[in-house]
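Here is how the chains run, residue by residue.
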Amino acid sequence: MATIPALFKNNSDVPVVVIPDDVQCSSLVKEFFSDLYITMEKNRWTAKCKKCSLPISDTLKTTSNFVKHMKNKHQHMYGEWKNTQVSSSKENDQPKINNIFSPDSEKYSTANKRQQQLTNSIIQNLIINMSLPLSIVDNASFKHFMNDVDPKYKLINRRDITRSYLPVLHKKCVSKLQDICARSNYISLTLDIWSDRRLRSYFGITLHTIINDIYKSFLISFERLEGTHSADKIAAEFDRVIQLYNLKDKVVRLITDNASNNLAAFDNIILPGFEEYFEDVVDDQLDTESSSDEETDITSNESKRLQTHVVDDSIYQTTLNPTAEDEYLRLPCFAHCLQLVVNDGIKASNPALSSLKKVASLAKLAHTSTIFSEKLEKANYSIPKANRTRWNSQFHTVKRVINIPSSTLNTILNDMKKNDLILTTKDRKILEDFTSLFELFNEATVLTQGETYATVSFVAPTVLGILFDLERELASSTLTLVSLCKALIASIKARFSGLLRHFEIEVPSDSYCMSERFSDPIFLISPLFDARFKLLWLESFHTIVKLRVIEKIRNMFVRFFCKLTFYTAQNVQADVSNAGEQGGTDIITKNNDSSTKRKCLFPYLHETKKVSSDDKSRLLMELDSFLCEESCEENLLFDKKHLYPCLYQLALKYLSVPATSASIERIFSQSGFIMRPHRASLTAKNVCLLTFLKCNKMLM
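Per an unreviewed UniProt entry, the protein goes by the name HAT C-terminal dimerisation domain-containing protein and belongs to Adineta steineri. The UniProt entry for the protein carries this comment under Subcellular location (unreviewed entry): "Nucleus".

Below is the structure:
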C-alpha cells in the first residue's frame with residue numbers, strides 16, 4: 001500500500017508536502033529523481049537527481065524541467081530509458097485514444113474523409129492507373145491487407161465501382177474536357193477504330209491543342225461501335241462528340257490511317273530473315289491491332305495498289321465547316337505512310353537475306369541459350385529482343401549485333417561451335433549498308449510521334465531529308481544494296497508525291513490514294529513557325545527552285561492569316577499573289593459566330609473586306625523579322641509572341657496538328673493492356689470507362 005504523504009512546515013514556515021518514493025507519479029521523475037516534495041504555497045514540486053544530486057524544480061505536475069535536465073546532463077541514460085519505454089508500449093499494445101472512444105467493430109461512415117480517401121485511392125491508383133482487376137476488392141487477401149491498413153475502413157464492392165464510382169469519375173472528366181475545349185480556339189483530332197480480344201469494336205478520338213503555349217493531348221471519346229462500321233454510324237458518333245464538346249468551328253485537321261492503302265501499317269512488318277525468329281517467340285507487347293472500315297479492301301496484287309481516286313470525306317464534312325479547295329480536312333498519318341515505304345523497301349531486301357538470317361539466329365540464340373547470353377554479358381554486350389509489331393525493334397537488334405566487335409563475337413561462337421553464325425566481312429558490310437539506309441526512317445518514326453511538341457512541322461523536312469540521303473547513298477560507289485535503295489526512293493516519290501511536287505521533284509504520274517493529301521499547304525507553312533526549321537530546310541535545293549518555294553510560302557503566310565481573320569467564303573478564293581500588283585484583294589467573308597448568323601438576301605454587299613497592300617507589307621515585315629532571329633529554340637514564337645502576333649496566331653492553329661495518329665494507337669495499347677487474356681469477361685461498357693479514365697488520369 002502506498003505511503004500517505006506527510007505535511008510539515010520547514011524553517012520558513014512554508015507548508016511543504018513530502019512525497020514518498022512509492023507514490024505513483026511521472027515515470028521519468030520516479031526513475032531518475034528522489035526526495036520529491038511539494039511547496040504548497042508556490043504550487044511547485046522539487047526533487048533531487050539520483051545521478052548528480054542537483055535539485056530540479058518545476059510547476060506542480062509539470063515535468064518539462066526534469067526532462068530537459070535529463071536530456072542535457074544525462075543524455076545517454078535518458079535515451080536508453082526512452083527506448084525501453086517505447087518497446088514496452090509496443091508489447092503492451094496500448095490502444096490509441098481514437099480506438100478507446102470508437103470500438104473496433106464500428107466502421108467509418110460513407111461521409112468520413114478517411115473512408116473517402118481510401119476508396120478514391122483504391123479506384124484511381126489500383127484499378128484505373130495500375131489496371132488491376134475490379135475483382136481485387138472481393139479478394140480475401142486484399143481484404144486482410146486493407147484491415148491491416150485501417151481496421152475501421154469499410155471496403156467497397158465491385159458493383160458499386162462499376163455502377164457508381166466509375167460513371168461519376170467519367171462525368172467529371174467529361175466536364176473538365178468541355179472546359180478545356182471552351183478555352184481552346186483551335187483543335188485537331190486523331191481517330192480510329194479498334195477491336196478487342198472478343199472482336200468488339202470501339203471508336204476512339206483524341207484531341208490535340210495548345211493551351212497557355214503548352215501542347216496538350218486528351219482522349220475525348222472511347223465508345224463501343226456495334227455492327228458494321230458503316231459511314232452513317234461513324235458519322236453519328238463523330239457528330240455526337242463534336243456536339244458534346246462544341247468543336248464544330250474549332251477543328252483544324254483530322255488525322256486518320258483508314259484509307260484503303262494505309263491499312264495495317266503497323267501490323268507485322270518483319271525484316272527478311274526474321275520470320276524464323278518469331279516462330280516460337282511470344283511477344284511481350286500487348287495486342288495493339290486496329291480494325292478499320294469494312295468497306296475498304298486490301299489487295300495483295302501490287303499492280304492494283306496504285307490508285308488515283310479521291311478519299312471521301314463526306315462523313316466528317318457534313319458535321320464540320322468545309323475547308324478551302326487547296327486544303328484537306330482529313331490528312332493521312334505520316335508514320336503509317338513512312339512505314340509503308342519501309343515495307344516496300346523490305347520487299348527489295350533479298351540481297352541482305354542471308355546476312356539478316358544470321359542476325360536473327362544470333363538474336364534468338366541470345367534469348368534461348370544461357371551460355372551464349374552469359375558470355376555476351378561478361379563481355380559487356382547484349383542483344384535486345386525483337387518484336388514483330390515494331391519493325392524498328394528488329395532494326396535495333398541488327399544494329400546491336402553489328403556493334404559487337406568481330407573478335408569478341410567470333411571467339412564466343414567458336415567456343416560454342418556455332419561457326420555457321422559467324423558474320424563475315426561481307427556480311428558486316430551488307431548489314432552496315434542496310435542499317436544506314438533505314439537509319440533516318442527509324443529516327444523519323446520516333447521523332448514524329450511525340451505529343452508534347454510540334455510534329456507537323458517535321459513532315460516536309462523529314463521527307464526531303466530522307467529522299468536526299470537515299471539519293472546520296474545511291475550515288476555512292478560502295479553501296480551493296482542498290483536495289484533496296486532504289487525501291488525506297490521510288491516508294492517515297494509515289495507515297496509523298498503531293499508534297500514533292502511543291503519542290504518541282506519528278507514523281508510518278510500514278511499515286512496512292514492518300515499521297516495527294518500531302519500537297520496540303522500546312523506541310524509547307526508549319527516548318528516556318530518552328531524556329532528549328534524556319535526556311536533552313538530548303539537549303540539543299542537549287543537557288544531558283546528555292547526562291548520559288550520561299551515565295552510560295554510567303555504568299556501562303558499572308559493568305560492563311562487573312563483566312564484566319566476574315567474566314568474566307570468557300571466559293572471565293574483570295575488571290576494573294578496578285579495583291580501587290582492590284583493594290584489590294586477583295587475577300588468575301590462570312591461571320592463564324594453561329595449565334596449571330598441570319599439570312600440575308602445580298603450578303604456580299606455587307607461582308608466584303610479588303611486586304612490592302614500595306615497590310616500585306618506589314619505581315620511580310622513581321623515574317624522577315626522572325627526569320628532574322630538567331631535563336632533556334634523550338635518555341636521561339638511562344639516566347640516572343642508580343643513581337644510576332646500574326647505568326648503566333650497562325651502557330652497556335654497549325655502547330656496543334658499532329659503529324660501522326662500515334663496518340664490514338666497509344667490509347668488502343670492501353671485498352672489492350674486493360675483487356676488482358678485473364679480479363680476477357682470485362683463488359684464493353686467497363687472497357688470504355690476504364691480506358692477513358694486511365695488515359696485522362698491527369699484530370700481526375
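Next comes the rest of the account.
Visitor: Tell me what's going on with the overall build of the protein, and back it up with residues and numbers.
Guide: Counting secondary structure elements, the protein contains 26 helices and twelve strands. By residue count, 49% of the 700 residues in the protein fall in the buried class.

Visitor: Mind laying out the environment of Asp-196, listing which residues take part and the relevant values?
Guide: Mapped onto the fold, Asp-196 is located in the loop between strand E6 (187-195) and strand E7 (201-211). Between the alpha carbons of Asp-196 and Ala-680 there is a distance of 9.0 Å; along the sequence they are 484 residues apart. Those residues in contact with Asp-196, other than ones at most four positions away along the chain, are Tyr-202 and Met-675. At 2.9 Å, the side chain of Asp-196 and the backbone nitrogen of Arg-198 are in polar contact. A distance of 2.9 Å separates the side chain of Asp-196 from the backbone nitrogen of Arg-200, its partner in a polar contact.

Visitor: Provide a residue-level description of the packing of helix H13 (residues 391-402) against helix H15 (residues 425-447), including the pertinent values.
Guide: The geometry of H13 relative to H15 is characterised by a closest axis approach of 10 Å and an angle of 140 degrees between their N-to-C directions. Viewed along their axes, H13 and H15 adopt a mutual orientation that is oblique. As H13 runs across H15, the sense of the crossing is left-handed. Between H13, through Trp-391, Asn-392, Phe-395, His-396, Val-398, Lys-399, Val-401 and Ile-402, and H15, the contact on the second element is made entirely by Arg-428, Leu-431, Glu-432, Thr-435, Phe-438, Glu-439, Phe-441, Asn-442, Thr-445 and Val-446. A breakdown of the residues in the contact of H13 with H15 according to their chemical character gives nine nonpolar, five polar and four charged.

Visitor: Tell me what's going on with the environment of Arg-676, and back it up with residues and numbers.
Guide: Its place among the elements puts Arg-676 in the loop between helix H25 (662-674) and helix H26 (684-695). The buried category is assigned to Arg-676, whose relative accessible area is 13%. Expressed as a C-alpha distance, the spacing of Arg-676 and Pro-133, which sit 543 residues apart in the sequence, is 9.9 Å. The contacts of Arg-676, once residues within four sequence positions are left out, are Ser-131 and Arg-197. From its side chain, Arg-676 meets the backbone oxygen of Phe-673 in a polar contact 2.8 Å long.

Visitor: Can you lay out the packing of helix H10 (residues 334-346) against H15 for me, pointing to particular residues and giving the numbers?
Guide: Look at H10 against H15: their axes get within 10 Å of each other, and the N-to-C directions meet at 155 degrees. Judged by the angle between their axes, H10 and H15 are roughly antiparallel. In the crossing of H10 with H15, the sense of the turn from one axis to the other is left-handed. Residue-level inspection shows Leu-338, Gln-339, Val-341, Val-342, Gly-345 and Ile-346 of H10 in contact with H15, the latter providing Phe-438, Phe-441, Ala-444 and Thr-445. For the contact of H10 with H15, the residue count by class is seven nonpolar, three polar and no charged.

Visitor: Can you explain the pattern of salt bridges? Please cite residues and give values.
Guide: Scanning all chains against the criterion turns up 22 salt bridges. The salt bridge partner of Arg-253 is Glu-327, with a shortest N-O separation of 2.6 Å. Of this pair, Arg-253 sits in strand E9 (residues 251-256) while Glu-327 sits in the loop between helix H9 (314-317) and strand E10 (330-332); the two residues are 74 residues apart in sequence, bridging distant segments of the chain. Glu-327 matches Arg-253 in its accessibility class, with the two residues each being buried. In this structure, Asp-624 engages Arg-554 in a salt bridge whose closest nitrogen and oxygen atoms are separated by 2.6 Å. You can see Asp-624 sitting in helix H22 (residues 613-627) and its partner Arg-554 sitting in helix H20 (residues 543-566), a full 70 residues away along the chain. Residues joined in a network through salt bridges with shared partners are Arg-253, Glu-327, Asp-520 and Lys-563.

Visitor: Account for the sheet that holds E10, with residues named and values stated.
Guide: Ordered in space as E8-E7-E6-E9-E10, the five strands form an open sheet in which the pairing is mixed. Both edges of this open sheet fall to strand E8 (214-224) and E10, since each of them pairs with a single strand only. With strand direction ignored, the average angle separating the axes of adjacent strands in the sheet is 25 degrees. Sitting on the sheet, H25 is in contact with E6, E7 and E8, with an inclination near 40 degrees to E6. Contacting E7 and E8, H26 runs over the sheet at an angle of about 175 degrees to E8.

Visitor: Describe the environment of Asn-120, naming the residues involved and giving the relevant values.
Guide: Within the fold, Asn-120 resides in helix H5 (residues 113-129). Residue Asn-120 is classed as partly exposed on the basis of its relative accessible area of 37%.

Visitor: Tell me about the nonpolar core, residues and numbers included.
Guide: Residues Phe-372, Phe-438, Phe-441, Ile-492, Phe-503, Phe-529 and Phe-557 are the most contacted members of the largest nonpolar core, which totals 117 residues. When residues in this core are grouped by element, the largest group, eleven residues, is from H20. Apart from residues no more than four positions distant in its own chain, Phe-557 is found in contact with Ile-525, Leu-528, Phe-529, Leu-619, Leu-620, Leu-623, Cys-646, Leu-647 and Leu-650. One finds Ile-127, Leu-169, Ile-180 and Leu-689 within the second-largest nonpolar core, a separate group that totals 64 residues.

Visitor: Which residues make up the packing of aromatic side chains, and what are the values?
Guide: Applying the stated criterion to the full structure yields 27 aromatic pairs. Residues Phe-518 and Phe-523 carry aromatic rings whose centres are separated by 5.4 Å and whose planes lie at 35 degrees to one another, so their mutual orientation is tilted. Taken together, the aromatic side chains of Trp-391, Phe-395, Phe-434, Phe-438 and Phe-441 make up a single cluster linked through ring pairs. The ring of Tyr-108 carries Lys-152 above its face, with NZ or CZ at 5.6 Å from the centroid.

Visitor: I'd love a proper account of the pairing of E7, names of residues and values included.
Guide: In terms of burial, E7 is a largely internal element, eleven of the eleven residues being buried. Summarising the sheet, E6 and E7 pair through nine bridges and their orientation is antiparallel. Each residue of the ladder has a partner; that of Leu-189, found in E7, is Leu-207. In sequence, E6 turns back onto E7 through a hairpin of five residues, with Leu-199 there showing a positive phi of about 60 degrees. Alignment of E7 against E8, held across ten bridges, turns out to be antiparallel. The residue of E8 that forms the bridge with Ile-205 is Ser-221. As consecutive antiparallel partners, E7 and E8 are separated by two residues, and within that stretch Asn-212 has a phi angle of approximately 55 degrees, a positive value.

Visitor: Describe H25, listing the residues and the values that go with them.
Guide: Helix length check: H25, at 13 residues, gives a terminal C-alpha distance of 19 Å against a target of 18 Å (1.5 Å per residue), a fit within 8%. In the core, the buried residues of H25 are packed alongside E6, E7, E8, H10 and H26.

Visitor: Kindly report on the side chain of Arg-554, identifying the contributing residues and their values.
Guide: Under the relative-accessibility criterion, Arg-554 is labelled buried at 19%. Those residues in contact with Arg-554 that lie beyond four places of it in its chain are Leu-620, Leu-623 and Asp-624.

Visitor: Hey, could you go over the confidence of the model for the protein for me, with residue numbers and the actual values?
Guide: When pLDDT is low, close inspection of the predicted coordinates is not appropriate. For the protein, mean pLDDT is 82; residues scoring 70 or higher make up 81% of the total. Counting contacts from residues 259-266, a segment whose pLDDT is below 50, to residues more than four positions away or on other chains yields 34 contacts. In the model, residues 283-305 has pLDDT below 50 throughout and makes 58 contacts with residues more than four positions away in sequence or in other chains.

Analysis parameters
Sequence order as written defines the numbering, with residues in each chain counted from 1. It should be noted that, the model being predicted, local features are given only for residues of pLDDT at least 70 and side-chain atom pairs only at 80 or more, the latter also being counted only at that level, while totals for whole chains, interfaces and linings use all residues. To obtain the side-chain values, all non-hydrogen atoms of the structure were included, while hydrogens and water were left out. UniProt positions are given in the numbering used here, feature names are shortened, and annotations may be inferred rather than shown by experiment. The numbering of helices and of strands both runs from the N terminus, where a helix is a DSSP run of H or I of at least 4 residues and a strand a run of E of at least 2. Burial status follows relative accessibility: with a 1.4 Å probe on protein chains alone, a residue under 20% of its type maximum counts as buried, one over 50% as exposed, and anything between as partly exposed. Residues are treated as being in contact if the distance between any of their heavy atoms lies within 4.5 Å. Residues adjacent in sequence count toward polar contacts only when both atoms are side-chain atoms; beyond that, a polar contact is any pair of N or O atoms within 3.5 Å, and within protein one must be able to donate a hydrogen and the other to accept it. Axis definition: a line fitted to C-alpha atoms, over the contacting stretch in the case of helices. Angles run 0 to 180 degrees between N-to-C directions. What sets the label is the angle itself: under 35 degrees gives roughly parallel, over 145 gives roughly antiparallel, 65 to 115 gives roughly perpendicular, and the rest give oblique. Crossings are classed by handedness, with left-handed meaning an anticlockwise turn of the near helix from the far one by less than a right angle and right-handed meaning a clockwise turn. Asp, Glu, Lys and Arg are counted as charged, while Ala, Val, Leu, Ile, Met, Phe, Trp, Tyr, Cys and Pro are counted as nonpolar; the rest, among them Gly, fall into the polar class. One side-chain nitrogen of Lys or Arg within 4 Å of one carboxyl oxygen of Asp or Glu is enough to make a salt bridge. At least two bridges found by DSSP between two strands is the condition for calling them paired. Nine residue types can take part in a nonpolar core, namely buried Ala, Val, Leu, Ile, Met, Phe, Trp, Tyr and Cys, and a core is a set of them joined through side-chain atoms within 4.5 Å. Here a Phe, Tyr or Trp ring, Trp counted by its six-membered ring, pairs with any other such ring whose centre lies within 6.5 Å, and the pair is stacked when the planes are under 30 degrees apart, edge-to-face when over 60, and tilted otherwise. To sit over a ring, a charge needs its Lys NZ or Arg CZ within 6 Å of the ring centre and within 35 degrees of the ring normal. Here, expected helix span is obtained from the residue count minus one, scaled by 1.5 Å. Here pLDDT means the predictor's own confidence in every residue, given as a number from 0 to 100.

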